[in-house]
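Here's the letter readout for the chains.
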Amino acid sequence: MRTRLALAAALLAVLAPAASAGDAVLTCGRLFDSRSGALLGPHTVVVRAGRIAEVVPGRGAAAGDARAIDLSDRTCLPGFTDLHVHMGSQSSPQSYSEGFRLDPVDYAYRSVGYAEKTLAAGFTSVRDLGGEVALHLRDAINQGLVRGPRIFAAGKSIATTGGHADPTNGWNDALSHLVGPPGPTDGVVNSVDDARQAVRQRYKDGSDVIKITATGGVLSYAASGDAPQFTVDEVKAIVDTAKDYGYRVAAHAHGKEGMTRAILGGVTSIEHGTYMDEEVMRLMKARGTWYVPTIYAGRFVAEKAKIDGYFPDVVRPKAARIGALIQDTAGKAYRNGVKIAFGTDMGVGPHGDNAREFLYMVEAGIPAAQALQAATIRAAEVLGVDDQGVLAPGKRADIVALPGDPLADIGNVLKVDFVMKDGVVHREPAR
Ligand SMILES: [Zn+2]
């Protein structure tokens, strides 16, 4: 943990001074084509007004005012997308008591550092699946007040009473009576009507995507991590109402029954998917449902469960049991042909270490090229956007570069040292 923190501090120190989006010509030694999954030879990428204007083989020269950026000893890739983060928090043994002591503004200040570390690690986009902070952080980043990735934010996750993301779980009677039972405004639903209202409330809050917690969760203050927590009708009501606002729905799910109900209800992606079996995989393939494994979070909580006192007693056995299974499930899902996209659940682990998920995916048996596609072109498909995830004319100029060949050694993804987002250079190698 301490080394990771030191590493994160070092990353922050090398962020380039904020620059405006000028035109640029990048000379890349190699270029990852996320459409084919192939690593191509030298290419020149021309950036104009925040977009990619041209991608041509060979070494081109900068013309006019365009800035020449020499990455001839590096591999250029589309900026990475992490489809499952929580920018407003980072777990620690103090997390459970902090909720009673800290104010929203404390979480907001913390999120500024998390956002900078995430961007510096090569993640130019994230989908934030739960937490009000991300809605405001997104706006601050878009306004240029804070540096960070493009955020697609869910706002408050939608749960049922006592479910994963009921904000009052674990509270004593006095507190619970003071506040009263949470309802759709707080993201807690217990009927089809509640479900519709909760989605409309997210629209009012300014969400970009809807997140539901279809089963119990590892880190919530509750006994079960895998029991189903919605009816199919409630999920359907959420998905249908979400469509009215152009939203997609992501479902946190560990247990088979809750996962099945979420898929039948029409969600776009299953997150974690711990106890996914072949029957569930068949259903996902038939319905075109995506799988976002978040192996990182599984490994992280299983490791921390070995430490006395790190988690409350009600959480510890779930962390040890569920956490250890996710990597295995990810490998099986890949071999079964389930569509896989990249996500870490960062905020469980330390922000900025997101790229380690690539290594865990490769360890699980997913080829490096497919892992890189999962965080680029496939992630854009899950988001429902067609202007990122590919280095091609017309797309956003979200470009990262790293030394070495990431297909030959996936560990090279941890060495990202050039980051451009919307044509703005946020990090570059020391020369
Ligand atoms: Zn999560």
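Thresholds, definitions, all that
- Residues numbered from 1 in each chain as written.
- Predicted model: local features only at pLDDT ≥ 70, side-chain atom pairs only at ≥ 80, totals over all residues.
- Heavy atoms only, no water.
- Helix = DSSP H or I, 4+ residues; strand = E, 2+ residues; numbered from the N terminus.
- Rg over C-alpha atoms; globule rule 2.2 N^0.38 Å.
- Buried < 20%, exposed > 50% of the residue type's maximum accessible area, 1.4 Å probe, protein only.
- Contact = heavy atoms within 4.5 Å.
- Areas by Shrake-Rupley, 256 points an atom, 1.4 Å probe, with all protein chains shown as cover.
- Donors = N, O, S within 2.8 Å, 3.2 Å for Na, K, Ca; no water.
- Axes fitted to C-alpha atoms, helices over the stretch in contact; angles between N-to-C directions.
- Parallel < 35°, antiparallel > 145°, perpendicular 65-115°, else oblique.
- Left-handed = near helix turned anticlockwise from the far one by under 90°.
- Nonpolar A, V, L, I, M, F, W, Y, C, P; charged D, E, K, R; others polar.
- Polar contact = N/O pair within 3.5 Å; in protein donor to acceptor, adjacent residues only side chain to side chain.
- Core = buried A, V, L, I, M, F, W, Y, C linked by side-chain atoms within 4.5 Å.
- Domains from an automatic or database assignment.
- Pairing = 2+ DSSP bridges.
- Expected span 1.5 Å × (residues − 1).
- Buried area = accessible area lost by both parts, 1.4 Å probe.
- Salt bridge = Lys/Arg side-chain N within 4 Å of Asp/Glu carboxyl O.

A. Spatial organisation of the overall build of the protein. Along the protein, the regular secondary structure elements total 15 helices and 15 strands. By the compact-globule yardstick of 22 Å for 431 residues, the protein fits well, its C-alpha radius of gyration being 21 Å. In terms of overall dimensions, the protein has C-alpha extents of about 70 × 45 × 45 Å along its principal axes. Expressed as a percentage of its 431 residues, the buried residues of the protein come to 57%. Of all intrachain contacts in the protein linking residues separated by at least 6 positions in sequence, the fraction that spans at least 24 positions is 70%. Within the structure as shown, the protein displays about 17000 Å² of accessible surface, and the carbon and sulfur contribution to it stands at 51%.

B. Main features of the coordination of the zinc ion. Every protein donor of the zinc ion is listed here as H84 (NE2), H86 (NE2) and D345 (OD), and their distances to the metal cover 2.1 to 2.3 Å. Each donor residue of the zinc ion belongs to the same chain, with the gaps between them written as H-x1-H-x258-D. Classification of H84 as buried rests on a relative accessible area of 1%. We classify H86 as buried; its relative accessible area is 14%.

C. Layout of the packing of helix α3 (residues 104-120) against helix α4 (residues 133-142). Across the interface, α3 lies against α4 with an axial gap of 10 Å and an inter-helix angle of 55°. Between α3 and α4, the crossing angle belongs to the class labelled oblique. For the pair α3 and α4, the sense of crossing is right-handed. For the pair α3 and α4, the contacting residues are Y107, A108, S111 and A115 in the first and V133, L137 and I141 in the second.

D. Looking closely at the packing of helix α7 (residues 232-244) against helix α8 (residues 256-265). In the contact formed by α7 and α8, the axes pass within 8 Å of each other and the chain directions differ by 40°. Taken together, the axes of α7 and α8 lie oblique to each other. In the packing of α7 onto α8, the handedness of the crossing is right-handed. Note on element contacts: α8 touches α7 through R261, A262, L264 and G265, opposite V232, V235, K236 and V239. Of the residues belonging to the contact of α7 with α8, the class tally is 5 nonpolar, 1 polar and 2 charged.

E. Fine view of the side chain of D398. Checked against the element boundaries, D398 lands in the loop between α15 (377-383) and β13 (399-402). There is a polar contact of 2.8 Å between the side chain of D398 and the side chain of R150. Of the polar contacts made by the side chain of D398, one reaches the backbone nitrogen of D422; its length is 2.9 Å. Contacts of D398, omitting those with residues within four sequence positions, involve L77, P78, G79, T124, S125, R150, Q388, L391, M420, K421 and D422.

F. Local environment of the nonpolar core. Counting 85 residues, the largest nonpolar core has I212, I270 and F358 as the members making the most contacts within it. Of the domains in this structure, domain 1 (14-79 + 390-427) and domain 2 (80-383) are the two that each give at least three residues to this core. Beyond its immediate chain neighbours, meaning those up to four positions away, F358 contacts F80, F123, F342, A371, L372, A375, I410 and V413.

G. Structural view of the pairing of strand β7 (residues 123-128). The element β7 is extensively covered by neighbouring structure, given that 6 of its 6 residues are classed as buried. Here strand β6 (residues 80-85) runs beside β7; their pairing, made up of 4 bridges, is parallel. Pairing of F80 across the sheet is with F123, part of β7. With 4 bridges joining them, β7 and strand β8 (residues 150-153) adopt parallel strand pairing. Along β8, the bridge assignment pairs R127 with F152.

H. How the structure looks around α7. The end-to-end C-alpha distance of α7, which contains 13 residues, comes to 19 Å, matching closely the 18 Å that a straight helix rising 1.5 Å per residue would cover. Within α7 the residues assigned to the buried category are E234, V235, A237, I238, V239, T241 and A242. Check the buried side of α7 and you find it contacts α6 (192-205), β9 (210-213), β10 (249-253) and α8. Downstream of α7 by a residue or two, G246 has a phi angle that is positive, lying close to 75°.

I. The domain arrangement of the protein, seen in detail. Each assigned domain of the protein is listed with its residue range as follows: domain 1 (14-79 + 390-427) and domain 2 (80-383). Contacts between domain 1 and domain 2 engage 29 residues on the former and 26 residues on the latter. Interface area for domain 1 against domain 2, summed over the two sides, is near 2200 Å², with a carbon-plus-sulfur share of 69%. The tally of links from domain 1 across to domain 2 stands at 2 salt bridges. R150 is the partner of D422 in a salt bridge, and the nearest nitrogen-oxygen pair spans 2.9 Å. Breaking the side of domain 1 that touches domain 2 down by element, the ones donating at least two residues are β5 (67-78), β14 (418-421) and β15 (424-427).

J. Expanded view of the sheet that holds strand β12 (residues 290-292). Sheet architecture is open: 4 strands sit in the order β9-β10-β11-β12, paired in parallel fashion. Each edge of the sheet is formed by a strand with only one pairing partner; in this case those strands are β9 and β12. On average, each strand axis in the sheet is tilted by 25° relative to the strand beside it, whichever way the strands run. Each of β9 and β10 touches α7; the most contacted strand, β9, lies at about 175° to it.

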